Amino acid sequence: MSASETAVGRSQGEMAPLSAITLNVNDQVRQLEVDPRTSLLDALREHLRLSGTKKGCDHGQCGACTVLINGRRVNSCLTLAVMHENDAIVTIEGLGDPGHLHPMQRAFVERDGFQCGYCTPGQICSAVGMLAEVEAGWPSHVTADVATPGIALTDNEIRERMSGNICRCAAYPNIVAAIRGSAEGGPG
């Protein structure tokens with residue numbers, strides 16, 4: 001083996017052995033055979049054909065690929081599919097459907113929390129996960145009093161908690177309004 005083949009671990013033509021995995025995605029058990037280096041994002045989009053989760057930067061910087069794993073928000077481009085057997089994975093398709101929207105989806109529609117829509121699935125999944133964090137009492141960098149039992153969901157609190165999700169169209173005021181409305185139990 002040449003030095004360059006040793007550095008990479010295999011020659012260019014050599015394929016990694018496939019890993020058989022079982023994923024629970026949107027309450028459906030799905031069996032796949034994937035290269036063990038396959039990101040969860042690529043498994044969702046390319047293998048399961050769930051195109052709602054978007055590939056933005058592929059570096060964990062934009063949040064377009066955010067999904068919920070066991071109720072927590074995760075950038076699916078930064079985690080490997082093989083790491084998530086027995087985890088409950090929820091994508092935008094699993095939150096609701098056109099006839100029965102999730103309250104956060106409904107709030108985004110009613111508050112016009114999107115423009116081009118590319119970041120919207122990640123924004124919505126992140127917002128759902130963020131509200132669960134608030135309900136659990138997890139403080140953020142801007143939480144005024146971390147000793148207080150309830151966290152006041154101010155606009156600054158929402159902006160800080162959603163800062164990992166970028167909207168190139170700058171629909172931020174409407175996104176914040178949609179999240180606030182959903183958190184307050186209304187449509188937005």
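Residues numbered from 1 in each chain as written. Predicted model: local features only at pLDDT ≥ 70, side-chain atom pairs only at ≥ 80, totals over all residues. Heavy atoms only, no water.

S.K.: Explain the overall build of the protein chain here, please?
M.R.: On a plain count of helices and strands, the protein chain comes out with seven helices and five strands. Counted from the first residue to the last, the protein chain has its helices and strands arranged as α-β-β-α-β-β-β-α-α-α-α-α. Based on the C-alpha atoms only, the size of the protein chain along its principal axes is roughly 60 × 40 × 30 Å. The 188 residues of the protein chain split such that 41% are buried. Within the protein chain, residue pairs in contact and separated by at least 24 positions form 53% of the contacts whose partners lie at least 6 positions apart. On the protein chain, roughly 10300 Å² of surface is accessible, and the fraction owed to carbon and sulfur atoms is 51%. Positive and negative side-chain charges of the protein chain, numbering 15 and 21 respectively, have mean locations separated by a distance of 4 Å. (Helix = DSSP H or I, 4+ residues; strand = E, 2+ residues; numbered from the N terminus. Buried < 20%, exposed > 50% of the residue type's maximum accessible area, 1.4 Å probe, protein only. Contact = heavy atoms within 4.5 Å. Areas by Shrake-Rupley, 256 points an atom, 1.4 Å probe, with all protein chains shown as cover. Lys, Arg positive; Asp, Glu negative; His and termini not counted. Charge placed at Lys NZ, Arg CZ, Asp CG, Glu CD.)

S.K.: I keep staring at the pattern of salt bridges and nothing clicks. Help me out?
M.R.: A full pass over the atoms with the stated rule returns eight salt bridges. Several salt bridges share partner residues, and in doing so they unite Asp42, Lys55 and Asp58 into one network. (Salt bridge = Lys/Arg side-chain N within 4 Å of Asp/Glu carboxyl O.)

S.K.: What's the story with the confidence of the model for the protein chain in this structure? I'm lost.
M.R.: Note: predicted coordinates in regions of low pLDDT should not be interpreted at a detailed level. In this model, the protein chain carries a mean pLDDT of 91, and residues with pLDDT of at least 70 account for 91%. Of the regions scoring below 50 in pLDDT, residues 1–7 engages in three contacts with residues more than four places distant in sequence or in other chains. (pLDDT = per-residue confidence, 0-100.)

S.K.: I tried to follow the pairing of strand E4 (residues 72–75) on my own but got confused; where do I start?
M.R.: Every other side chain in a regular strand lies on the same face of the sheet, so the side chains alternate between the two faces. Judged from the four bridges that link them, strand E3 (residues 66–69) and E4 form a sheet pairing that is antiparallel. Bridge pairing in E4 places Thr66 opposite Asn75. Taking the residues between adjacent antiparallel strands as the criterion, E3 and E4 are bridged by two residues, where Asn70 takes a positive phi near 50 degrees. (Pairing = 2+ DSSP bridges.)

S.K.: Would you explain helix H7 (residues 172–183) in this entry?
M.R.: Given 3.6 residues to a turn, an α-helix orients residues that are three or four positions apart in the same direction. Across its twelve residues, H7 extends 16 Å between first and last C-alpha, which sits within 8% of the 16 Å expected from 1.5 Å per residue. Every buried residue of H7 is listed here: Ile175, Val176, Ala177, Ala178, Ile179, Gly181 and Ser182. One or two residues past the end of H7 sits Gly185, with phi positive at roughly 90 degrees. (Expected span 1.5 Å × (residues − 1).)

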